[in-house]
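# Structural features, examined
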Amino acid sequence: MTAPSDLWSDLATKSLRVPPMRELFDNDASRLWKHTIDAAGLVLDASKNRIDDAVLESLFSLARGAGVEARRDAMFAGDKVNVTEGRAALHVALRAPRDAVFTVDGRNVMPDVHAVLDHMETFSEQVRSGAWTGHDGKAITDVVHIGIGGSDLGPRFVCAALRSYQNARPSVHFVANVDAHALDGVLADVARPFEAATTLFIVASKTFTTAETMMNAHSARAWALAGGVPEAQLHRHFVAVSTNTEAVRAFGIDTKNMFAFWDWVGGRYSLWSAIGLPIALACGMARFRELLAGAHAMDTHFANAPLEANMPVRLALLGILNANVLGARSVCIAPYHQHLELLPAHLQQLEMESNGKSVTLAGLPVAHATVPVLWGQPGTNAQHAYFQCLHQGTEWAPIDFIAVMAPAHAHPEHQRALLANCFAQSEALMNGKTQDVARAELIAAGASEVEAERLAPHKTFPGNRPSNTIVLARLDPSSLGALIALYEHKVMVQGTIWNIDSFDQWGVELGKMLAKTIVDELESGALGTHDASTRALIERARNPSPSPSPP
Ligand code: F6P
């Protein structure tokens, strides 16, 4: 359903009348609480946004006009909301309790979901306890997870985020890029070369046809054989996570050691499925179940809270306001916790693969810009890199600050400095500094009138730049699960308002097909029809030294 255009124009008109945020705070003692939502162990402080009551009301009308509630309910009901692939998008079932009921095509999927979770539990406990051994009876010391995109980013990010919860053994590593520097960087690590006898590979691919993953998996297999693993014992060193049993068998992996998932789980929503196996291996299945429970708490909130008090809906609507009405062209993610350093990378796939679309569900051109570019890195590092632009540049970006109140380390002075910086950034972005104040400060610091006049424009900040602050009490599996689910549902709400399919990803296909042709040409020496630039690049790859000669 498309939101009627009068709802968009009403929103645009009202947003023009919003006073500067500083004034809004001065004039409304209840502002903070009106714009704070507490759910699933997270707190969203959305008060530093360019909204007043009228704009907020208009955003909710837009959400209702676009049918957000109906589409949310359809997603939870297992309807085929992924219309171009004719599939459900039922990742919420993956984190629901055993006695929940979620149906796809009239069948309750929960027994299958929990059977796989139980399989993961048995297997991860065997590996962690040393009961699962390599071919010569030694315990597994290293797990190498081979996958790409959604079959890599989610578990890689969660393992990094939960590193304080990990055992020393097994040590879990990730390989995604077809660039063999990645695989070599793990297996041939000069500081600690791996032993094939104590290494376990997880080949993770929904389709089990993804070129990068299959090439890395074959090279890993060759490495294991060369390292002394007998072919008949490879099953002790290779397991698979996939929906494609036939391809797993053809690769030579014992399908008893295959962890299934289903076509109703999108790649970027799959860390909750057996794609999360490295998380269970690194942190233990109990922690993995806590992660699922945290996400489930956010699902329950999303499914039941009225739009006005719904955290994912609020986050989504503020994103729509910033991108579609106020003109932001990107979104910055600033996690103030070092262990969340891969959050921006995970959200890049989640948001940009889901909502990077230009046609509606009906295949017509969209009426509004869709997902803005998402980027970021942990504060405080980011402050010393690109925050200059965010404070004073002509380009601005709304920022999500993620603040974690209790650290996992024992350095309270570092934590105070970290949080102080986080809070100061959003305050500075909102308040800015006028030229008069900048001039007065310079004079108070001893500058002459002339000098103060010259420097004041450089020390002026426009302010009124919006941000959200999402607060976690601590970075534990449950709050992490809730945080990721929050963004997943934000994406779904925004996709509904833009009237696009958030669950397909046709945009990655064209490049994949062309790469197949070029890889054959690089191997065979043949050259098909290409533009002059691509032809020259192929020639250069075949013969790297000389420059291609002009015609
Ligand atoms: O890049 C496209 C994509 O299909 C992603 O959506 C997916 O997560 C990734 O490739 C990996 O796919 P697979 O799990 O099938 O190997």
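So, here's what we can say about the structure.

So, how was this worked out
Residues numbered from 1 in each chain as written. Predicted model: local features only at pLDDT ≥ 70, side-chain atom pairs only at ≥ 80, totals over all residues. Heavy atoms only, no water. 1 Å grid on protein atoms, 1.4 Å probe; cavity = no way out; pocket = protein on both sides within 12 Å on 5 of 7 lines; lining within 4 Å. Points joined across faces, edges and corners; volume = space filled by probe spheres on them. Helix = DSSP H or I, 4+ residues; strand = E, 2+ residues; numbered from the N terminus. Pairing = 2+ DSSP bridges. Axes fitted to C-alpha atoms, helices over the stretch in contact; angles between N-to-C directions. Contact = heavy atoms within 4.5 Å. Nonpolar A, V, L, I, M, F, W, Y, C, P; charged D, E, K, R; others polar. Near = heavy atom within 4 Å. Polar contact = N/O pair within 3.5 Å; in protein donor to acceptor, adjacent residues only side chain to side chain. Areas by Shrake-Rupley, 256 points an atom, 1.4 Å probe, with all protein chains shown as cover. Buried < 20%, exposed > 50% of the residue type's maximum accessible area, 1.4 Å probe, protein only.

The next subject is the layout of surface pockets. Here the second largest pocket is characterised by a volume of approximately 240 Å³. Considering the residues around the second largest pocket, the lining is formed by 14 residues, among which His337, Gln338, His409, Gln415 and Leu418 are closest to the centre. Elements with a contribution of two residues or more to the lining of the second largest pocket: strand S12 (399–406) and helix H17 (412–431). With three residues, the single largest contributor to the lining of the second largest pocket is H17.

Another aspect to go through is the sheet that holds strand S8 (residues 238–242). An order of S6-S5-S7-S8-S9 is seen for the five strands of this open sheet, with the pairing classed as parallel. Each having just a single partner strand, strand S6 (171–175) and strand S9 (258–260) make up the two edges of the open sheet. For this sheet, the mean inter-axis angle between neighbouring strands, taken without regard to orientation, is 20 degrees. When strand S5 (residues 142–146) meets strand S7 (residues 199–204), the two strands line up parallel, connected through five bridges. In the strand pairing of S7, Val143 is matched with Leu200. Across the sheet, helix H7 (residues 110–129) touches S7, S8 and S9, and the angle it forms with S9 is around 150 degrees. Of the strands in this sheet, S5, S6, S7 and S8 touch helix H10 (residues 211–226), which is tilted by about 160 degrees from S7.

Let us now look at empty space enclosed by the protein. Summed over all chains, the structure comprises five cavities of 30 Å³ or more. Counted as a void, the largest cavity has a volume near 100 Å³. Leu315, Leu318, Gly319, Asn322, Ala323, Val331, Pro372, Pro398, Asp400, Asn468 and Lys490 are the residues that line the largest cavity. Among the elements that take part in the lining of the largest cavity, helix H14 (residues 311–325) stands out by supplying five residues, more than any other. A breakdown of the residues in the lining of the largest cavity according to their chemical character gives six nonpolar, three polar and two charged. Estimates place the volume of the second largest cavity at around 50 Å³. When residues of the lining of the second largest cavity are assigned to their parent elements, the largest contribution, four residues, is made by H7.

What follows deals with the site of the ligand. Around the ligand sit 13 residues in total, of which Ser151, Ser205, Lys206, Thr207 and Thr210 are the nearest. At 2.6 Å, a side-chain N or O of Ser151 approaches an oxygen atom of the ligand. Glu353 is positioned such that a nitrogen or oxygen atom in its side chain is 2.8 Å from an oxygen atom of the ligand. Against a free-state accessible area of 390 Å², the protein chains account for coverage of 87% of the ligand.

With that out of the way, let us pick up the sheet that holds strand S13 (residues 467–474). Read from one edge of the open sheet, six strands run S1-S2-S13-S12-S10-S11, paired in mixed fashion. Of all the strands in the sheet, just strand S1 (36–39) and strand S11 (373–376) have a single pairing partner and so form its edges. With strand direction ignored, the average angle separating the axes of adjacent strands in the sheet is 20 degrees. By the bridge criterion, four bridges tie strand S10 (residues 330–336) to S11 in an arrangement that is parallel. Paired with Cys332 across the two strands is Trp375, which belongs to S11.

The next subject is unusual backbone geometry. Across the junction of Arg169 and Pro170, the peptide omega takes the value 0 degrees, indicating a cis bond. As for its position among the elements, Pro170 is in the loop between helix H8 (153–161) and S6. Here the residue pair Gly379 and Thr380 is connected by a cis peptide bond, since its omega of 10 degrees sits within 30 degrees of zero. Position of Thr380 among the secondary structure elements: in the loop between S11 and helix H16 (387–392). Look at Asp105: it is not a glycine, yet its phi comes out positive at around 50 degrees.

Burial analysis of S5 places five of its five residues in the buried class, which makes it a mostly covered element. Going residue by residue along S5, you find Asp142, Val144 and Ile146 tucked away on one face and Val143 and His145 tucked away on the opposite face as well. Pairing between S5 and S6: five bridges, direction parallel. What sits directly across from Val144, in S6, is His173.

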